[in-house]
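Chain and residue survey
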Amino acid sequence: MMLEPCAQNAGLPTGSLMELIAAKAERRRTPVNVHLELTYRCNEQCVHCYCVVEHGKEDEARRRELSTAEVRRLLDDLAALGTLYLTLSGGEVFVRSDFFEIAEHARDKGFALRVYTNGIGLTEDRAARLAALEPIAVELSIFSATPEVHDAITRVPGSFRRLLRNVERLKAHGLRVYLKTVVMKPNVDDLLAVRQLGRDLDVFTHTFSCEVSPRIDGAVHGPLQYQLDEAQLVDYMLSPAWTKTLGPVLQGPPEEMARKRATCGPALNGCCVDPYGNVFPCVAFRIPLGNVRQRPFADLWTAPPPAIADLLAVQTYADLPECRSCELVGFCTRCHGDNLLETGGDWKSCHRRARMVASAERRVYQSLSKSALAKAAPPERG
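Below you will find a few notes about this structure. (Residues numbered from 1 in each chain as written. Predicted model: local features only at pLDDT ≥ 70, side-chain atom pairs only at ≥ 80, totals over all residues. Heavy atoms only, no water.)

Section: the environment of Lys109
Positionally, Lys109 belongs in the loop between helix 4 (99–108) and strand 3 (112–116). In the structure, Lys109 is positioned 25 residues away from Leu84 in sequence and 9.7 Å away in space, judged by C-alpha atoms. Discounting chain neighbours no more than four positions away, the residues touching Lys109 are Asp76 and Ala79. Of the polar contacts made by the side chain of Lys109, one reaches the side chain of Asp76; its length is 3.3 Å. (Helix = DSSP H or I, 4+ residues; strand = E, 2+ residues; numbered from the N terminus. Contact = heavy atoms within 4.5 Å. Polar contact = N/O pair within 3.5 Å; in protein donor to acceptor, adjacent residues only side chain to side chain.)

Structure follows, in structure tokens:
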């Protein structure tokens, strides 16, 4: 019974073959899954966004971004190293005038593409060109079924209506549409309606995430004000809006469970490249391997700095001093990167926000387990 996985991997195909590929990539440390942030500029200004450039600062950000030629060279290097999945994201990818030149080069290189977009700037021509790329998914965020709530989160009037219109446009072109909803304080009362809206739109899948990520620009805690607290999380997960089934949870002493539970593996089989050429272990973990403007990607990947080697050495929860004896280790889905940002650098320490979410999950698990036992018990004889 776990919340949605890391955003970098969410939406990728699953199953035994994919698990085999991922495991083999980890053993060989092949960057099979790369998240390429083309820009932090955006035509929305979502209140909880971890990266978006504030309006008025776009020109400065654009001048610092990798050029088309630099991105093409990076894609060539990734293909040579065996990258299979490539996610193109922002900001908003369509604010780059060279988006299709980049995406078409990526497709020519044989990558399986995912595209993240807010959907409001799509046109018929762009939808057709996207369809020609045959991406495995086009992923869009929807925050509410109530236009005013959605638009208040994006801070763009009319964004809800434009999003819905363009979801239909993408579907009409045969594209696989993924909807994503971040569950947070501004929209928690509208989740049943937004889940139903996803069904009515008949998209390929609709995922919900309960965790709000910190900003990467130093204003770390701005988005975290929208994170549900523990009581709100429990209420949500016990409500009809929560549709996940009760799954197995590791049982036993914390030390034993910590040895069995793998942590997330940034920089093992994937990484993130930001708009300015910095290579990070993942979207959240903002200690760079280096910059592709200064050294080729292959050199950065094969000879990581000591701080990244330290990260690679952490394989299970038992490798983290505060986690190995924690009573919540069976429920925790800590993020090293978010913890790095939230603590100011001490990423190995207890991830307090993840602990809060794990505590909520345990309370829900215990409540649902009691309910299931009560239903399974034989009726009392009179």
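Here's the deal with the pairing of strand 5 (residues 177–182)
Among the six residues of strand 5, five are classified as buried, and the element is accordingly described as predominantly covered. Relative to strand 5, strand 4 (residues 137–141) is paired through four bridges, and the arrangement is parallel. Its bridge partner lying in strand 5, Ser141 is registered against Lys180. As paired strands, strand 5 and strand 6 (residues 205–209) are joined by five bridges and run parallel to one another. Across the sheet, residue Val182 finds its bridge partner in strand 6, namely Ser209. Traced from strand 5 through helix 8 (residues 191–201) to strand 6, the parallel crossover comes out right-handed. (Buried < 20%, exposed > 50% of the residue type's maximum accessible area, 1.4 Å probe, protein only. Pairing = 2+ DSSP bridges. Right-handed = clockwise from strand over helix to strand, strands pointing away.)

With respect to the pairing of strand 4
For strand 4, a buried count of four out of five residues is recorded, marking the element as mostly surrounded by other parts of the structure. Alignment of strand 3 against strand 4, held across three bridges, turns out to be parallel. Paired with Arg114 across the strands is Ala137, a residue of strand 4. With helix 5 (residues 124–133) bridging strand 3 and its parallel neighbour strand 4, the resulting β-α-β unit is right-handed.

Examining the sheet that holds strand 4
Taken in spatial order, the nine strands of this open sheet run 6-5-4-3-2-1-7-8-9, and their pairing is mixed. The sheet is open, and its two borders are formed by strand 6 and strand 9 (290–291), each paired with just one other strand. Here strand 8 (residues 278–280) pairs with strand 9 via two bridges, running antiparallel. Paired with Asn278 across the bridge in strand 9 is Asn291.

What to know about the side chain of Asp98
Within the secondary structure, Asp98 sits in the loop between strand 2 (85–89) and helix 4. A polar atom in the side chain of Asp98 sits 2.8 Å from the side chain of Arg96.

A short note on the side chain of His48
Position of His48 among the secondary structure elements: in the loop between strand 1 (33–37) and helix 2 (58–64). Accessibility expressed as a relative area gives 12% for His48, which makes it buried. In contact with His48, not counting residues within four places along its chain, are Phe143, Ile153, Val182, Met184, Val212, Ser213, Pro223 and Tyr226.

Focus: the nonpolar core
Core analysis: the largest hydrophobic core is formed by 66 residues, its most contacted members being Leu86, Phe99 and Leu130. Apart from residues lying up to four places away in sequence, Leu130 is in contact with Phe94, Phe99, Phe100, Val115, Leu122, Pro135, Val138, Leu170 and Leu175. The next biggest cluster of nonpolar side chains, apart from the first, holds 23 residues, and it includes Met257, Tyr317, Leu340 and Ala354. (Core = buried A, V, L, I, M, F, W, Y, C linked by side-chain atoms within 4.5 Å.)

Examining the packing of helix 6 (residues 147–154) against helix 7 (residues 159–172)
At a closest axis distance of 8 Å, the pairing of helix 6 and helix 7 adopts a crossing angle of 100 degrees. Between helix 6 and helix 7, the angle falls in the class roughly perpendicular. In this structure, helix 6 uses Pro147, His150, Asp151 and Thr154 to contact helix 7, whose residues at the interface are Ser159, Phe160, Arg161 and Leu163. Residues belonging to the contact of helix 6 with helix 7 are distributed by class as follows: three nonpolar, three polar and two charged. (Axes fitted to C-alpha atoms, helices over the stretch in contact; angles between N-to-C directions. Parallel < 35°, antiparallel > 145°, perpendicular 65-115°, else oblique. Nonpolar A, V, L, I, M, F, W, Y, C, P; charged D, E, K, R; others polar.)

Re the packing of helix 4 against helix 5
Where helix 4 contacts helix 5, the two axes come as close as 10 Å, and the packing angle between them is 15 degrees. Put simply, helix 4 runs roughly parallel to helix 5. Note that helix 4 runs across helix 5; the crossing there is left-handed. The residues of helix 5 that touch helix 4, namely those facing Phe99, Phe100, Ala103, Glu104 and Arg107, are Arg126, Arg129, Leu130 and Leu133. (Left-handed = near helix turned anticlockwise from the far one by under 90°.)

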